[in-house]
Structures are given as structure tokens and as C-alpha cells.
Amino acid sequence: MVLCAALALGLAALCLRPSAHADTAGMLDSVPVSTTDGRQIYEHICQGCHMADAGGAVGAGHFPALAKDATLASRQYVALTILMGRRNMPAFGAKHAIGFGGPAVILNDTQIAAVINYVRTHFGNQYADPITAAEVAALDKSAH
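Described below are features of the structure shown in this document. Model, not experiment: these values are computed from the prediction.

1. A closer look at helix H2 (residues 38-50)
With 13 residues, H2 extends only 15 Å from end C-alpha to end C-alpha; this falls clearly short of the ideal 18 Å at 1.5 Å per step. Remark: the principal bend of H2, roughly 45°, maps to His44. Those residues of H2 that fall on the buried side of the exposure criterion are Gly38, Ile41, Tyr42, Ile45, Cys46 and His50. On its buried side, H2 packs onto strand S3 (62-63), strand S4 (105-106) and helix H4 (109-120). Two to three positions downstream of the cap, the backbone nitrogen of Arg39 sits 3.2 Å from a side-chain oxygen, assigning the N-cap of H2 to Asp37.

The structure is reproduced here in C-alpha cells:
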């Protein structure tokens, strides 16, 4: 009976944890990530699924390659994907993020723009038209 009560209290504590923002991004024991540097955001958040070389992965899920990716030509598509999630990818926008086994990781508009601009200009991608935080905010406002 005591074990059941302890387990119930532990589960309740997990459910009541607030969402983690990018300055405390991670799972249950988060590592601070307080940056607007696109490379650092990619390394701390994105490469776990998309890999360090942005080559993608297949295993427990399908994580598409971002290297030499023609879909990155549309910066708006990438922004909406990060804001709202897509298929196996979680949402990172404040209105849409949910946690999987821990608090949700939330990126602000500036951080989303920074990581988009980083990926679109690295890993063999050469898309020179950057997205701004204001554009990300406008897309988020219009997203359902």
C-alpha cells in the first residue's frame, strides 16, 4: 500500500511539472540551453534524432535527413514543422508543444529562426534567404 502511494505521488509530480523552455531544455533532468545560436540549438535538441551530420535515422522511428534537403527551400514549411510538429517530430512552439516522457521543450521565435537559418545554410544546404523571428511569430499566430 505504501509502495502504491509512493508510485502515485511520483507520477503526479511528473504530470505537474511545468513545460521546459529552451533555457532548461531536456528530459527530466534538463541541461540548460540558453542560447539563440542556431548551431548550439541544433546540437542540443535536433541532432538527437536527425544526427550530427543531419543524415537522419531509421530505427525506433523515421527521422528524415536534413542534409541536402530540397524541402528546406521553403523556410515557412520548416518553421511550421518546428512550431507544430509533424509525424514523429514533436512541436517546439509554445502553443503546440507537449512532452514525451518529460517536460516539453519550447523554443521562442528567435531560437526557431536561428536553428532554421543554421540548417538551411549547413549540411550541404545553400538557402540564402533567412527567416526572421517576426516571420516565425506571424506563422505561429496564423497556425491552427
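2. Some words on the packing of aromatic side chains
Scanning the model with the defined rule gives three aromatic pairs in all. With 5.1 Å between their ring centres and 45° between their planes, Tyr42 and Phe123 make a pair best called tilted. Placement of Tyr42 in helix H2 and of Phe123 in the loop between H4 and helix H5 (133-142) is noted, with a sequence separation of 81 residues between them.

3. Regarding the nonpolar core
Ranked by size, the top nonpolar core spans 24 residues in total, and within it Tyr42 and Ile82 carry the most contacts. Of all the secondary-structure elements, those providing two or more residues to this core are H2, helix H3 (75-84), H4 and H5. A per-element tally of this core places H4 first, with six residues. The residues touching Tyr42, leaving out its near neighbours within four places in the chain, are Gln47, His50, Met51, Ala52, Ala54, Leu66, Val115, Tyr118, Val119 and Phe123.

4. As for the pattern of salt bridges
Counted according to the given criterion, the structure contains five salt bridges. The partner of Arg39 in a salt bridge is Glu43, and the shortest N-O contact between them spans 2.9 Å. In this pair, Arg39 and Glu43 both sit in helix H2, four residues apart, roughly one turn of the helix. When its relative accessible area of 36% is taken as the criterion, Arg39 is described as partly exposed. The class for Glu43 is partly exposed, based on a relative accessible area of 35%.

Thresholds applied
Numbering of residues begins from 1 in every chain and follows the order in which that chain's sequence is written. Side-chain atom pairs in this predicted model are given and counted only at pLDDT of 80 or more, local residue features only at pLDDT of at least 70, and totals for whole chains, interfaces and linings cover all residues. Hydrogens are left out, water is left out, and the side-chain values use all remaining heavy atoms of the structure. Helix numbers and strand numbers start at the N terminus; a helix is a DSSP run of H or I with at least 4 residues, a strand a run of E with at least 2. An expected span of 1.5 Å times one less than the residue number is assigned to each helix. Bend, in this description, refers to the angle at a residue between axes fitted to the seven residues ending there and the seven starting there. The buried label applies to any residue whose accessible area, calculated with a 1.4 Å probe on protein chains only, is under 20% of its type's maximum; exposed applies above 50%, and partly exposed to all values in between. Here, two residues are considered to be in contact whenever any of their heavy atoms come within 4.5 Å of each other. For the purposes of these results, a polar contact is taken to be a pair of N or O atoms within 3.5 Å, where, inside protein, one atom must be able to donate a hydrogen and its partner to accept one; residues adjacent in sequence count only when each atom of the pair is a side-chain atom. Put simply, two rings from Phe, Tyr or Trp (the six-membered ring, in Trp's case) pair if the centres are within 6.5 Å, and we call them stacked under 30 degrees between planes, edge-to-face over 60, tilted for the rest. Residues belong to one nonpolar core when they are buried, are Ala, Val, Leu, Ile, Met, Phe, Trp, Tyr or Cys, and are joined through side-chain atoms within 4.5 Å. Salt bridges, as used here, are contacts in which a Lys or Arg side-chain nitrogen is within 4 Å of a carboxyl oxygen on Asp or Glu.

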